[in-house]
Amino acid sequence: MTRRVLIVEDEKNIVESLTFLLKRAGFAIDAVMDGTAALQRIGDDPPDVVILDVNLPGTDGFDVLRAVRSAPATRDLPVVMLTARMQQQDRRMAEDIGATEFIAKPFSNAHVVDTVKRLIDR
Amino acid sequence: MLAPNILLFVCLSYVALLFLVAFVADRQAEARANRGHRIGWLQSPLVYTLSISIYCTAWTFYGAVGSAARSGLEFVTIYLGPTLVFIGWWWLLRKLVRIGRVHRITSIADLISSRFGKSPTLAVIVTLIAITATTPYIALQLQSVTLSYQVITGSDGLNEAATAFWAAAGMALFTILFGTRNVTANERHHGVVAAIALEALVKLFALIAVGLFAIYGFSEGLGDMFSRVSPELLRPDEVFGTRWVVLTFLAATAIICLPRQFQVTVVENVDEKHLATASWLFPLYLFLISIFVLPIAVAGLAHLPAGSNPDMFVLTLPLAADQGALATFVFIGGFSSATSMVIVAAIALSTMISNHIVMPVALRVTRSHHYTSGDVRRLLLNSRRASIAAILALGFVYYRLTDGSDGLASIGLIAFAGIAQVLPGVVGGVMWRGATRYGALSGLAAGFVLWAYMLLLPSFRAEFAGIEQIVTSGAFGIALLKPQAFLSVSIGDPLVHALFWSLSANTTLFVIVSLLTRPNPLERLQGALFVDVFRTRPGDQPQILHPTAPAEDLFVLAQRILGAEPARLLFEEIARGQGITRGLPVADHTVVARLERELGGSVGAASAHAMVAQITGGGTVSLTDLMEIADETAEILEYSQQLTQKSAELESTALQLREANAKLKTLSDQKDEFLSQVSHELRTPMTSIRSFSEILLDADSVSDDQAQRFLTIINQECLRLTALLDEILDLSVLERGEVALALEPVDAEAALDRALDSVSGMAVRGDVRIRIGARAARSDVLADFGRLTQVFLNILNNSVKYNTHPEPEITVTSRWQGDQYVVSIGDNGPGIPAEDSETVFSKFGRGSRRQETGSSGLGLPISREILRRFDGEVVLVATDRPGAQFEVRLPLLRAAVE
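In every chain, residue numbers begin from 1 and rise along the written sequence. To read the labels, note that chains go from A and ligands from 1, taken in the order they are written. Residue-level local features of this predicted model are given only where pLDDT is at least 70; pairs of side-chain atoms are given and counted only at 80 or more, and the full residue set underlies all totals for whole chains, interfaces and linings. Each side-chain value is derived from all of the structure's non-hydrogen atoms; neither hydrogens nor water enter the calculation.

Engineer: If you had to explain the overall build of chain A to someone new, which residues and values would you point to?
Structural biologist: Strands here mean DSSP runs of E at least two residues long; helices mean DSSP runs of H or I at least four residues long; both are numbered from the N terminus. Summing up its helical and strand segments, chain A has five helices and five strands in all. Start at the N end of chain A and walk to the C end: the helices and strands fall as β-α-β-α-β-α-β-α-β-α. Each residue gets one of three labels from its accessible area relative to the maximum for its type: buried under 20%, exposed over 50%, partly exposed in between, using a 1.4 Å probe on protein chains only. Residues classed as buried in chain A amount to 53% of the 122 residues present. Residue pairs at least 24 apart in sequence account for 62% of intrachain contacts in chain A once pairs closer than 6 positions are excluded. We get accessible surface area from the Shrake-Rupley algorithm with a probe of 1.4 Å; when it comes to residues, only the shown protein chains can shield them. Summed over its atoms, the accessible surface of chain A is roughly 5400 Å², and 48% of this surface lies on carbon and sulfur atoms. What makes two residues a contact is simply this: any of their non-hydrogen atoms within 4.5 Å.

Engineer: How would you explain the overall build of chain B if you had to name every residue and give the values?
Structural biologist: A count of helices and strands for chain B gives 35 helices and seven strands. The burial tally for chain B puts 53% of its 898 residues in the buried class. Contacts in chain B between residues at least 24 apart in sequence constitute 80% of all its contacts with a sequence separation of at least 6. Of the accessible surface of chain B, which amounts to about 38500 Å², a share of 60% is contributed by carbon and sulfur atoms.

Engineer: I'd love a proper account of the pairing of strand S4 (residues 79–83) of chain A, names of residues and values included.
Structural biologist: Residues and elements named next belong to chain A. With five of its five residues buried, S4 lies for the most part within the structure. Of the two faces of S4, the one holding Val79, Met81 and Thr83 and the one holding Val80 and Leu82 are both buried throughout. In terms of strand pairing, strand S3 (residues 49–53) meets S4 through four bridges, oriented parallel. What sits directly across from Asp53, in S4, is Leu82. At least two bridges found by DSSP between two strands is the condition for calling them paired. Taken together, the four bridges between S4 and strand S5 (residues 101–104) define a ladder with parallel strand orientation. In the sheet register, Met81 faces S5, and the bridge partner there is Phe102.

Engineer: Break down helix H5 (residues 90–102) of chain B for me, citing the residues and quoting the values.
Structural biologist: All names here are of chain B. An expected span of 1.5 Å times one less than the residue number is assigned to each helix. Compared with an ideal rise of 1.5 Å per residue, which puts 13 residues at 18 Å, H5 spans 18 Å between its outermost C-alpha atoms and is within 8% of the ideal. Those residues of H5 that fall on the buried side of the exposure criterion are Leu92, Leu93, Lys95, Leu96, Val97, Arg98, Ile99, Gly100 and Val102. Looking one or two residues past H5, Arg104 carries a phi angle of roughly 50°, positive in sign.

Engineer: Can you lay out the interface of chain B and chain A for me, pointing to particular residues and giving the numbers?
Structural biologist: Listed as interface residues are 28 residues of chain B and, on the opposing side, 22 residues of chain A. Note: buried area is the sum, over both parts, of the accessible area (probe 1.4 Å) each one loses when the two are combined. In total, chain B and chain A occlude about 2400 Å² of area from one another, counting both sides; carbon and sulfur atoms represent 51% of this. When a carboxyl oxygen of Asp or Glu lies within 4 Å of a side-chain nitrogen of Lys or Arg, that pair is called a salt bridge. For the pair chain B and chain A, the interface holds three salt bridges. Measuring nitrogen to oxygen at the nearest pair gives 2.5 Å for the salt bridge that ties Glu16 of chain A to Arg709 of chain B. Within 3.5 Å is the distance limit for a polar contact, defined as a pair of N or O atoms, with the added protein rule that one can donate a hydrogen and the other accept it, and that residues adjacent in sequence qualify only through two side-chain atoms. Across the chain B-chain A interface, the total number found is 12 residue pairs in polar contact (both at pLDDT 80 or more). For the side of chain B that touches chain A, the secondary-structure elements that each account for two or more residues are helix H30 (634–697) and helix H31 (704–736) of chain B. Each residue gets one of three labels, nonpolar for Ala, Val, Leu, Ile, Met, Phe, Trp, Tyr, Cys and Pro, charged for Asp, Glu, Lys and Arg, and polar for the others, Gly among them. Classifying every residue of the side of chain B that touches chain A gives seven nonpolar, 11 polar and 10 charged.

Engineer: Mind laying out the side chain of Arg98 of chain B, listing which residues take part and the relevant values?
Structural biologist: Looking at the secondary structure, you find Arg98 of chain B in helix H5. Ignoring anything within four residues of it in the chain, the contact list for Arg98 of chain B reads Glu272, Val533 and Phe534 of chain B.

Engineer: Summarise the sheet that holds S3 of chain A; cite the residues concerned and give the values.
Structural biologist: Residues and elements named next belong to chain A. If you trace the five strands from one edge of the open sheet to the other, you get S2-S1-S3-S4-S5, paired in parallel fashion. Looking at which strands have only one partner, the edges of the open sheet turn out to be strand S2 (28–32) and S5. Along the sheet, successive strands turn relative to each other by an average axial angle of 20°, direction set aside. A fitted line through C-alpha atoms represents every axis, and for helices the fit uses only the stretch in contact; the resulting angles, taken between N-to-C directions, go from 0 to 180 degrees. Its contacts with the sheet put helix H2 (residues 35–44) on strand S1 (4–8), S2 and S3, and the angle it makes with S2 is roughly 140°.

Engineer: Help me get a handle on helix H17 (residues 324–365) of chain B, residues and values and all.
Structural biologist: Residue and element names in this part refer to chain B. Over its 42 residues, H17 runs 57 Å from end to end, which matches the ideal 62 Å to within 8%, given 1.5 Å per residue. At Val358, H17 is bent by approximately 35°, the largest bend along its length, and proline Pro360 sits one to four residues beyond. Within H17, 33 of the 42 residues are buried, which leaves the element mostly enclosed by the surrounding structure. Bend is computed residue by residue as the angle between axes fitted to the seven residues ending at the residue and the seven residues starting at it.

Engineer: Can you lay out a nonpolar patch on the surface for me, pointing to particular residues and giving the numbers?
Structural biologist: Residue and element names in this part refer to chain B. A cluster of nonpolar side chains, contributed by Trp280, Leu284, Phe287, Leu288 and Ile291, occupies part of the molecular surface with about 470 Å² of accessible area. Tracing the backbone shows Phe287 in helix H14 (residues 274–290). A relative accessible area of 48% means that Phe287 is categorised as partly exposed. Candidate patch residues must exceed 30% relative accessible area and have no salt bridge, after which like charges are joined if within 9 Å and Val, Leu, Ile, Met, Phe, Trp or Tyr side chains if within 5 Å.

Engineer: Requested: an account of the nonpolar core, with residues and values cited.
Structural biologist: Side-chain atoms within 4.5 Å are what join buried Ala, Val, Leu, Ile, Met, Phe, Trp, Tyr and Cys residues into a set we call a nonpolar core. Residues Tyr55 and Val422 of chain B are the most contacted members of the largest nonpolar core, which totals 173 residues. Ranked by residue count, the leading element in this core is H17 of chain B, at 17 residues. Residues in contact with Val422 of chain B, not counting those within four places in the same chain, are Ile108, Ile112, Val126, Ile129, Cys257 and Leu444 of chain B. Grouped together as the second largest cluster of nonpolar side chains are 73 residues, Leu18 of chain A together with Phe710, Ala755 and Ile832 of chain B included.

Engineer: Tell me about the environment of Trp90 of chain B, and please be specific about residues and values.
Structural biologist: With respect to the helices and strands, the residue Trp90 of chain B is situated in helix H5. Along the primary structure Trp90 of chain B and Leu275 of chain B are separated by 185 residues, whereas in three dimensions their C-alpha atoms are 8.2 Å apart.

Engineer: I'd like a rundown of the side chain of Glu199 of chain B, residues and numbers included.
Structural biologist: Residues and elements named next belong to chain B. Tracing the chain through its elements places Glu199 in helix H9 (residues 190–218). Charge assignment: positive for Lys and Arg, negative for Asp and Glu; neither His nor the chain ends contribute. This buried residue, Glu199, is left without a salt bridge; Lys203 holds the nearest opposite charge, at 7.1 Å. A polar side-chain atom of Glu199 sits 2.5 Å from a polar atom in the side chain of Thr339.

Engineer: Explain the confidence of the model for chain B residue by residue, including any values.
Structural biologist: Per residue, pLDDT measures the predictor's confidence, with a range of 0 to 100. Taken over all residues, the pLDDT of chain B has a mean of 80, while the share at 70 or more is 86%. In the predicted structure, residues 848–852 of chain B sits below a pLDDT of 50 and forms 13 contacts with residues beyond four places in sequence or in another chain.

Now the structure itself:
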């Protein structure tokens, strides 16, 4: 069964690169551009891994993660957070809220793909 | 003449009555105090005032008539002085009473010692002066009792010595019984006070009775009486002469400084308000007791045989008329005057002796025991009893030595002059903060020595040939040292002479030495507390508790001196004040000070200070005490006003600092936010570039088409990155004001055209339609042409980028509005929500419009910054049409307007 990865990212080009990389690694990809859509998608049909950008318009990545962690069904859902902002603050915040992994932008393609694979195998 | 037996019986009955009154009063006071009640009639202002009338002794009772018969109206001065004090110097008495209560003052010696740093030396000196000045006075009372007894019984051959001895012994017994029941001064001698109040009434009524008898028994009423007064008798030329003024002054001093007056006025005072009553009632008493002096003198001179002793007219007048009952009443009145004075004086002196002489010696002897062993109370009581006996013995000895040598009045005046030496120390001490211990010491010592030499010594001239020698030719035969013509200054009256020298030397030394010496900290503290007694309420200030002494030791000390129960109550009260419900209070400096005051009420300030200091480990004043002084001084009050002002200034500075800090914090937050945004804006294109370049490096898995597309993205993102960096730098330079804009008159319309040309190239690609509406004529503004074009371009670009409408459209118009040039740029895009109307002008403040716009988010802040330099602005205008509408406004140049 193909494992599914949900990409939540508002930068079109980054979505495109991540989609290309993860498809190539054998995952089914779904992508949304904002937090509200992400929550809806996760609630309807939880993916195996979520790649979640912090800096989203409206409901930001942290809000999405909080909502995901507070719902019993998705309490243990692996979430990889991406951020391009000041990293120490965002990393601390992400850890506090319960992100599974935290990756800073610009990322190494291999690191992202390895992280997703590791989370799915776990 | 009366039979001695009957008189003795009447006399003993009267004494028994006094005992009964004192006993009942003491018992009642005790019972009421135990039930927590006030002590009723015992604490009435009437009793207080009557007790003050111990001022009127046997000297006044008998001697005033004698004085009137010999020296005319001079006797009036003795009543005038106290009257002036009670009416005019009432505030001084009130201050003394307040100080006495607050500081638990036990005697006049204690007052001076306590004021000047609880000095034991001063206490001893004042005590010695008091004993020296009081002894002749007691002798005087014994003499008057003996003399009046002789006169009334008509038995010249009676054993004078035995009569005086038994009188003295009886008074000593009474005083010991009722004067030394307890040791705490503020537990007051209710029994004694009640008894002397009764005696005050008896002597007043006795004198009034004789007075009325003199007027109506010997003449036909007042008119007849006064018609017999010879002008020589009144000696009007002496009225208000030097001697008059001096005597009035002496009497005024006496009512303040005499140990017994201080005892009844200050120490026995139970309520400060009583002084208000006394201030008119006591002068009234003096008026009543003096009003009949002259009639009695006149009647005596007229009707009694020549050579009769005028000092005994009060008694001999009724005797001459065979009025035995009246004579007995008068005798009892004189007896009352004598006994009440002796009793109170003995109590006051014994307190001084035991507190200031016996206790310090005992302290020295038992130093190793820390006063926690042995019963200090018993020692105190016994020393007081012994002192009373000794004082009366001394009075008796003096009486025997000087027997009948002088008129009664002159002995009284010597005593007054002696005690007057205390006046500078008392008045200066409570009025002048700068007065010091050394000043008081030197003044007192000098005044006392001169008084003793000039007044006391000559009073023995009749008894001792050596003294007569000194009086006539001066000490060591040196004429300059003649006691009654010192330094050859001859003032006719020896009393005026002595008082002039002694008080001048006393006051001068007191002031000069005080000015030359510095008070030690304790003196300064006491000085401040005494002088400002109405301003301070010691112990009221809340303090932080710092134990300065072991509370247990203090408690044991208090038990030894106050007794077990009062000590327990005191410590419980202190502990309650500290909020401690169980156990001993924290012995901080206020507790130590309080305890010192309470103990001072029993043993005097100096002894209490010495005792407590041994436990607290030193007699030094704590820093907090000094702070208390500081708090009280007038200079510091001013300083404290400055402090208040400074503190207000500080507060406002603090407020400014807080505001500045808040601003800085906002700035810092903004900077953090900006850096975070810059990081985000830079990293986002870099992420795409890195990711796609890594994909491309892994060339195998990428098709040519894909490779082409990815390279295009990389290229776009690189351009975006460059544009962003340019804008960041541009804004930073603009904000710091480092860029010099060439301000010159330019045509704003031309700049707008240039921007429109530039954007229509882009717009064509993006299918955006640009509608140009009404345009203004050539509009000269003061600006930089390139920068102005950049502003228009930024706004046009935004309108293009954020426009998500399927048929995007931009409308541009320009016009003059007043003296302003206004360009309006509107679009049919999603518009900007009201809550974002300000954010759009902040850095990266793209509001919630975060679509893929290719915009850095710095365009509007840059535009705003540029326009600010041109005195113009860019604003978002609210319209009823959909989309956003920006207006650029610039001041038109005057020339162009016309």
